Amino acid sequence: MAGRINDDDVKAVRDAVPIDAVVSEYLQLRNAGGGNLKGLCPFHDEKSPSFQVSPSKGLFHCFGCQEGGDTIAFVRKIDHLSFSEAVERLAATAGITLRYEEGGYNPSNQRGERIRLVEAHKAAAQFYIEQLGSPEAEIGRKFLAERGFDQAAAAHFGVGYSPAGWDHLTRFLRGKGFSDKELLTSGLAQESRRNPIDRFRGRLMWPIRDVSGEVVGFGARKLRDDDNGPKYLNTPETPIYKKSQVLYGIDLAKKDIAKSSRAVVVEGYTDVMACHLAGVTTAIATCGTAFGGDHIKILRRLLMDNGSARVIFTFDGDAAGQKAALRAFEDDQKFAAETYIAIAPDNMDPCDLRLAKGDEAVADLVQPRTPLFEFAIRQIVGRYDLETPAGRAAALDEAAPIVARIKNVASQHEVAVQLAGILGILDTQFVVKRVAQLARWARDRGGKGPAPATGRRPQYEDAAPRPAGALGPALNLRSPAHRTERELLKLALQHPHLVSPAFDAYGIDEFTAPPYAAVRQCIQDAGGATDAPSDYLPAVMDSAPNDVVRALVTELAVEAIHARTVDEAYAGEQLVAVRRRAVDRRLLDIQGTLARLGQHGDPAQLAAVQNELWVLQQYGQALRNKGAAAL
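This structure is a prediction, so every number in the text was calculated from the model and none was measured. (Residues numbered from 1 in each chain as written. Predicted model: local features only at pLDDT ≥ 70, side-chain atom pairs only at ≥ 80, totals over all residues. Heavy atoms only, no water.)

K.L.:
Mind showing me how you'd approach the packing of aromatic side chains here?
P.N.:
The way to describe two aromatic rings as a pair is by their centre distance and the angle between their planes. Across all of its chains, the model carries 18 aromatic pairs by this definition. Plain terms: the ring middles of W206 and Y269 are 5.5 Å apart, the flat faces sit at 20° to each other, and that makes the pair stacked. One end of the pair, W206, is in strand β9 (residues 203-209); the other, Y269, is in helix α11 (residues 269-277), with 63 residues separating them in the sequence. On the accessibility criterion, W206 (0% relative accessible area) is buried. (Phe/Tyr/Trp six-rings, centres within 6.5 Å; stacked < 30°, edge-to-face > 60°. Helix = DSSP H or I, 4+ residues; strand = E, 2+ residues; numbered from the N terminus. Buried < 20%, exposed > 50% of the residue type's maximum accessible area, 1.4 Å probe, protein only.)

Next comes the structure, spelled out in structure tokens:
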């Protein structure tokens, strides 16, 4: 049993280590008035700070979850330590030698597990640093130099080298008094047939520190071809190392993250080094895992979730990087900060970019460029043809449920508006309502996500032409477009001379109702309405692909035309109405294309689209002013 720590020494530790200095290692503190400080509670999720620290009293209290106490209580809670372990850790920080009531000084093998494991990692980190200067480590030094890192850079980040032998570190740590059980528990050693051996051998070593700066694990890079292990090998899960709860470089970046309300998330250890050396001192990286909820909690406490906070991701532009970005977008709403993505030219990572183009290129890369939600949505909708109504509708179907997951209603509305712009849908309110509807369905289902598809397509897609013969549901004859299309087809079947030759120049897509598009196709297949022969109607019926279309041809051929006087003037009105609606639809398509291209599109493509827009606008004006004479 470890001896009881002397009460006077416990008091000396409390007095020696200011509580605000300890707490600020884990979260950003700001003035709360009355001599107190406030921040986001590290013990529960919250959006506004209810966690307060009183430096004069040496106490903390959260008015949200009711956690509170002194410096020792905070360290115990935040790092899951026993009372003795917390006192010992704070004493080491303050340089206080503790006395123990029972048995005098507490020998090292009696100290708390976490303290022992951290000390083993600290000793291992120093061992690896010293080994980097050995002749054997020349391959490691060359690796660093080729990536633009000199000896000073290696020292700043604590980069080291693990010897290629079986048990160099194990023997070194045994000599420091650590037991085999401690070495195995720490992950620094692993079981073998006879005795524990080093886990990391012949590799470049990066120490992974927690937010307080203590080494809790290592990342090891393969250097030799005969190494059959993975390219990067990380410390396994241990009592002090949880990969989902650590961020490489957080110990170096935390103060600047808190000061600037900005964090840059990169993918690897060398990327963090490159960013910091290029002046981007807010860069951090995950350690062999996806950026997730626990990582967000660490950053939120430092960013304080103020309105100006920024998080910039620098995922690669390849498929894996895009997948990582989509995963990050899933957690995007957990940030109050605005999130962005930056992709370097030629998909270079920050380390390669610094080598190729220098520090300024790295600094420029991480300037906020594309919002993460925009990147994620563009990756989704990029699989669809946005030049067609059906393509836009399908893209909306897939993207809208993702936007609907955003919990903040104001943010959800804003992203829905921008989704409409990305899709080129000018009816913004339709998209907003669609997203809101999906969000309501999700809430009604207990937060399980939007309701599954029911087979009913959104109203927006109703105008999309379908293949001939795919008639779908009964037509809504209250639609002016459908009524006009029906009238024009009746004229083309019953009085073809009144609509010729203009009618034959009408495309199938000018008839938005699928059944009417099928009939228009039949007339075209029968040779058209111009100079219709005596067997014109039978030929149209014979061109029908099935009995359903054939029945509709018959119906339109006998149905009365809705005009007292059926003449060229009335026929011209129907021709103009159908054509004007087709022109208006095309204008909407072109305007949507311009919205998608924006100011950064290809100049030649922009010019061509703008020219088509001008021509159609002029044609539409002529139809309005001159009627059938403009056809």
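K.L.:
Teacher, can you tell me more about helix α5 (residues 113-131) here?
P.N.:
Given 3.6 residues per helical turn, the α-helix brings residues three or four places apart onto the same face. The first and last C-alpha atoms of α5 sit 27 Å apart over 19 residues, in line with the 27 Å expected at 1.5 Å per residue. Within the span of α5, buried status applies to R114, I115, R116, L117, V118, A120, H121, A123, A124, A125, F127 and Y128. (Expected span 1.5 Å × (residues − 1).)

K.L.:
Just to check I follow, could you spell out the sheet that holds strand β2 (residues 36-39) for this structure?
P.N.:
The strands making up a sheet are joined through hydrogen bonds of the backbone, oriented either antiparallel or parallel. As summarised here, the arrangement of the five strands in space is β1-β2-β3-β4-β5, forming an open sheet in which the pairing is antiparallel. Each of the sheet's edge strands pairs with one partner strand only, and the pair in question is β1 (30-33) and β5 (68-70). Shown here is a sheet whose adjacent strand axes are inclined to one another by a mean of 25°, direction ignored. The pairing of strand β3 (residues 51-54) with strand β4 (residues 59-62) spans four bridges and is antiparallel. The residue bridging Q52 from the neighbouring strand is H61, located in β4. Each of β3, β4 and β5 touches helix α3 (residues 71-79); the most contacted strand, β5, lies at about 120° to it. (Pairing = 2+ DSSP bridges. Axes fitted to C-alpha atoms, helices over the stretch in contact; angles between N-to-C directions. Contact = heavy atoms within 4.5 Å.)

K.L.:
I keep staring at the nonpolar core and nothing clicks. Help me out?
P.N.:
Nonpolar side chains tend toward joint burial in soluble globular proteins. Counting residues in hydrophobic clusters, the biggest one holds 50 residues, and the most contacted among them are F51, F74, I250, I257 and L299. Take this core: its biggest share by element is five residues, from helix α12 (residues 293-303). In this structure, I257 is in contact with I250, R262, A263, T282, I284, L299, L302 and L303, ignoring residues within four places of it in sequence. (Core = buried A, V, L, I, M, F, W, Y, C linked by side-chain atoms within 4.5 Å.)

K.L.:
Got a minute to help me understand the packing of helix α10 (residues 250-260) against α12 in this structure?
P.N.:
The geometry of a pair of packed helices is captured by two quantities: the angle between their axes and the separation between those axes. Running from N to C, α10 and α12 cross one another at 40°; their axes reach a closest spacing of 8 Å. With respect to α12, the axis of α10 lies oblique. Every residue of α12 that contacts α10 at I250, K254, I257 and A258 is listed here: I298, L299, L302 and L303. (Parallel < 35°, antiparallel > 145°, perpendicular 65-115°, else oblique.)

K.L.:
Would you mind showing me how to read the pairing of strand β14 (residues 310-313) here?
P.N.:
Within a regular strand, side chains alternate between the sheet's two faces. Summarising the sheet, strand β12 (residues 262-266) and β14 pair through four bridges and their orientation is parallel. When the bridges of β14 are listed, V265 appears paired with F313. Bridging between β14 and strand β15 (residues 338-341) involves four bridges; their strand directions are parallel. Paired with V311 across the two strands is T339, which belongs to β15.

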